[in-house]
Amino acid sequence: MGQAGDNNIQKNEAWKAATLQKQDDAQARIHDHNVRWAKFIEFKKEFLALRRTMCRMAADREFKRQHQRRKDIATHLSSFAEKAEAAKKSQAESQMEAFLSNKDLAWKRRSFKSMHSLSAGKLSAQASWSTPERTSTKRFPRFDFGRFGAESLTGSTSGSTSQQMQKSASSPAVAA
């Protein structure tokens, strides 16, 4: 029993060592798997946070771009308005000078100022007298179609329907 028992003990010890090694390898694989999952989850969280930050930055950039564009357009339009107002004012002044250059009479100044009041912004009584009134005009239809299908209302036969159809006033005459 000595040699066979020692042989069994050695096999038993080898089996135990192999089993312990397999358990250690399995635990190491599970640990590595868990570490990889933890790193993957951490990576996903960081990626989502960066994506949210990038979207927020893009939205802020778009808002700033729109706001700056609104400011630029407002500045541009106000400069147009100022130029138009200055041109209108200079034109009114040149008209007044041309009007007054013939004769320098007080009644011309009063009538010109009452007719062309820039600050009032509404027509004076003299200017409203000269506006023509609109006359109403009769409107005609765009198309002058005949009454197609009128033969069905008269109850005639289908052979004589082509002679009974009314022709359009705008259609060319067809020789029968």
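What counts and what doesn't
- Residues numbered from 1 in each chain as written.
- Predicted model: local features only at pLDDT ≥ 70, side-chain atom pairs only at ≥ 80, totals over all residues.
- Heavy atoms only, no water.
- Salt bridge = Lys/Arg side-chain N within 4 Å of Asp/Glu carboxyl O.
- Helix = DSSP H or I, 4+ residues; strand = E, 2+ residues; numbered from the N terminus.
- Buried < 20%, exposed > 50% of the residue type's maximum accessible area, 1.4 Å probe, protein only.
- Phe/Tyr/Trp six-rings, centres within 6.5 Å; stacked < 30°, edge-to-face > 60°.
- pLDDT = per-residue confidence, 0-100.
- Contact = heavy atoms within 4.5 Å.

Comments concerning the pattern of salt bridges
For side chains bearing opposite charge, pairing can occur when the charged atoms are close. For the structure on display, the rule yields one salt bridge. Measuring nitrogen to oxygen at the nearest pair gives 2.6 Å for the salt bridge that ties Arg65 to Glu62. A residue pair is termed a helical-turn pair when its members lie 3 or 4 positions apart in one helix, as Arg65 and Glu62 do in helix H1 (residues 2–102) at three residues. Given the relative accessible area of 32%, Glu62 is considered partly exposed.

Points about the packing of aromatic side chains
Considering all chains together, one arrives at two aromatic pairs under this definition. Their ring planes at 85 degrees and their centres at 5.7 Å tell us that Trp37 and Phe40 sit as a pair that is edge-to-face. Here Trp37 pairs with Phe40, and both are found in helix H1, just three residues apart, close to one helical turn. Residue Trp37 is classed as partly exposed on the basis of its relative accessible area of 44%. The class for Phe40 is partly exposed, based on a relative accessible area of 40%. For the pair Phe43 and Phe47, a centre-to-centre distance of 6.2 Å together with 20 degrees between the ring planes defines the contact as stacked. A residue pair is termed a helical-turn pair when its members lie 3 or 4 positions apart in one helix, as Phe43 and Phe47 do in helix H1 at four residues. Given the relative accessible area of 52%, Phe43 is considered exposed. Judged by relative accessible area, which is 41%, Phe47 ranks as partly exposed.

Let's talk about the confidence of the model for the protein
Predicted confidence across the protein gives a mean pLDDT of 77, with 60% of residues reaching 70 or more. In the model, residues 120–125 has pLDDT below 50 throughout and makes three contacts with residues more than four positions away in sequence or in other chains.

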